[in-house]
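Chain by chain, the residues run as shown.
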Amino acid sequence: MVVGGKNWNIKLYDNKIMQYTKKILKNGLRVITVPMKDNPTVTVLVLVEAGSKYEEKRINGLSHFLEHMCFKGTAKRPTALEISSELDGLGSQHNAFTSQEYTGYYVKSSAKHFKKIFDVVSDIYLNATFSEAEIKKETGVIIEEINMYKDSPQRDVQDLIMELLYGDQPAGWGIVGEEKNILKMKQEDFVLYKKNHYLPEATTVVVAGQVKPEIVLKEVDKIFGKILVGCKVPKLKTIEKQVEPQVLIKFKKTDQTHFALAARSYNLFNENMPILSVLGGILGGGMSSRLFEKLRNQMGICYYVRAYNDSYTDHGFFQISAGVNNQRTGEALEAVLEECRKLKKQKVSDEELNKVKEFLIGNLKLSLESTDDIANFFGGQEILKHSIDSIEEKIKKIRSVTAEQVQNLAKDIFQNKKLNLAIIGPYKDKNKFLEILKF
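Residues numbered from 1 in each chain as written. Predicted model: local features only at pLDDT ≥ 70, side-chain atom pairs only at ≥ 80, totals over all residues. Heavy atoms only, no water.

1. So, the layout of surface pockets
One number sums up the size of the second largest pocket: a volume of about 430 Å³. If you trace the second largest pocket, you find 19 residues lining it, with Asp159, Glu163, Trp173, Gly174 and Glu178 closest to the centre. Elements supplying a minimum of two residues to the lining of the second largest pocket: helix 4 (132-150) and helix 5 (153-166). Among the elements that line the lining of the second largest pocket, the one with the most residues is helix 5, at four residues. For the lining of the second largest pocket, the per-class residue count stands at six nonpolar, five polar and eight charged. (1 Å grid on protein atoms, 1.4 Å probe; cavity = no way out; pocket = protein on both sides within 12 Å on 5 of 7 lines; lining within 4 Å. Points joined across faces, edges and corners; volume = space filled by probe spheres on them. Helix = DSSP H or I, 4+ residues; strand = E, 2+ residues; numbered from the N terminus. Nonpolar A, V, L, I, M, F, W, Y, C, P; charged D, E, K, R; others polar.)

Listed below in structure tokens is the structure:
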């Protein structure tokens with residue numbers, strides 16, 4: 001394909017559900033375009049390999065803080081109000097997010113505003129000024145966000161299980177950081193971190209919606225094409241050590257106990273990912289799943305219960321979480337562990353296996369109805385793996401999972417030496433939970 005006199009050498013990927021193009025610029029920046037001629041909207045998503053796992057302890061929380069600061073002003077748009085007013089005036093939706101391994105900035109609007117929203121997203125990503133006055137004001141906002149998460153045990157237990165699994169290393173630290181760190185952050189911290197991480201070779205631009213790939217590439221090349229390659233600072237490899245079950249309790253006077261039960265599994269490059277998805281579906285996917293039926297419908301001791309695998313580039317864990325009656329926490333844990341034991345002892349029936357597969361496949365398709373979800377589907381894979389499984393490929397892998405594979409995987413991960421329990425509630429003694437904690 002020739003655009004503006006340049007040979008872009010775009011590679012076209014096609015499948016029955018969705019077509020996309022991928023281009024890598026000379027400076028290493030990756031561009032994914034997902035054209036959708038029947039969708040009236042467009043989403044521009046910029047992702048960068050910068051998250052809490054790229055931080056030192058002293059600056060833990062900086063990746064997330066920097067994400068906030070990118071919306072506080074650029075040379076072209078000096079104030080947060082100018083940025084938000086321009087985007088609101090286009091009838092757009094915009095936001096950003098930070099995870100352990102990447103940060104994302106996106107705007108979604110009517111397709112006719114593509115060039116305008118692309119200009120805004122690229123501006124906040126590339127040209128944030130990090131005003132000292134704005135840093136000081138935003139410090140208070142970040143601290144209140146930290147307090148909000150701490151006041152929500154359902155959310156806070158997620159940080160607790162990461163701390164238990166990975167301890168005092170980046171994978172075990174909270175993404176938003178601690179208040180003492182936030183209060184010490186200065187302008188030079190933001191400038192240096194951005195210099196070390198916000199680089200073209202670590203960036204993926206995704207555009208999904210009613211837009212042509214050649215138009216996208218022209219805009220990307222105009223703004224990002226001349227940015228020089230840097231020297232990306234890598235993240236530390238996550239170290240996993242465990243020989244017996246572990247429990248971490250956070251005492252809190254609550255009306256309900258929230259727990260996360262986790263078994264170490266595999267990183268996201270592992271071929272067992274589809275099997276783990278099916279395992280999660282069997283235990284906690286939908287209102288007919290085993291744990292929902294057992295804990296909520298039969299025992300009546302919880303409102304929510306979930307089971308899913310959470311994988312990163314160099315580690316992963318399978319998690320079961322729930323909020324249960326304080327007086328019946330031990331009973332709930334016993335019931336959860338018993339359902340895990342059953343999967344080790346008995347193969348799943350063909351009927352249940354097929355039901356779960358259809359549930360997962362149906363929900364995958366339902367999760368890709370809007371351009372922002374589609375941008376995240378393609379961009380999330382590219383930024384982490386530098387490769388993309390199409391929707392059809394993911395469906396094929398789920399359909400190929402067998403009952404024997406599910407049983408073998410359950411035997412592999414549901415072991416005492418891989419078992420961890422994080423719990424928030426009115427408890428101080430972890431020994432009574434350690435007595436329960438065995439497969």
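Once you've had a look at it, read on.
2. Description of the pattern of salt bridges
The full count for this structure, using the stated rule, is 27 salt bridges. One salt bridge connects Arg328 with Glu331, and the closest N-O pair in it is separated by 3.0 Å. For Arg328, a relative accessible area of 26% corresponds to the partly exposed category. Residue class for Glu331 comes out partly exposed when judged on its relative accessible area of 38%. With its nearest N and O atoms 2.5 Å apart, the salt bridge here joins Glu358 to Arg399. With a gap of 41 residues between them, Glu358 in helix 12 (residues 350-366) and Arg399 in helix 14 (residues 391-399) connect regions that are remote in the sequence. You can call Glu358 partly exposed: its relative accessible area is 43%. What you see here is one network of salt bridges that share partners, running through Lys76, Arg77, Glu86, Asp119 and Asp123. (Salt bridge = Lys/Arg side-chain N within 4 Å of Asp/Glu carboxyl O. Buried < 20%, exposed > 50% of the residue type's maximum accessible area, 1.4 Å probe, protein only.)

3. Comments concerning helix 9 (residues 273-284)
Here helix 9 contains 12 residues, and its C-alpha end-to-end distance of 16 Å stays within 8% of the 16 Å for a straight helix at 1.5 Å per residue. Where burial is concerned, most of helix 9 is hidden: 11 out of the 12 residues are buried. Within helix 9 the residues assigned to the buried category are Met273, Pro274, Ile275, Leu276, Val278, Leu279, Gly280, Gly281, Ile282, Leu283 and Gly284. After helix 9 finishes, the residue Gly286 shows a positive phi value of roughly 90 degrees. (Expected span 1.5 Å × (residues − 1).)

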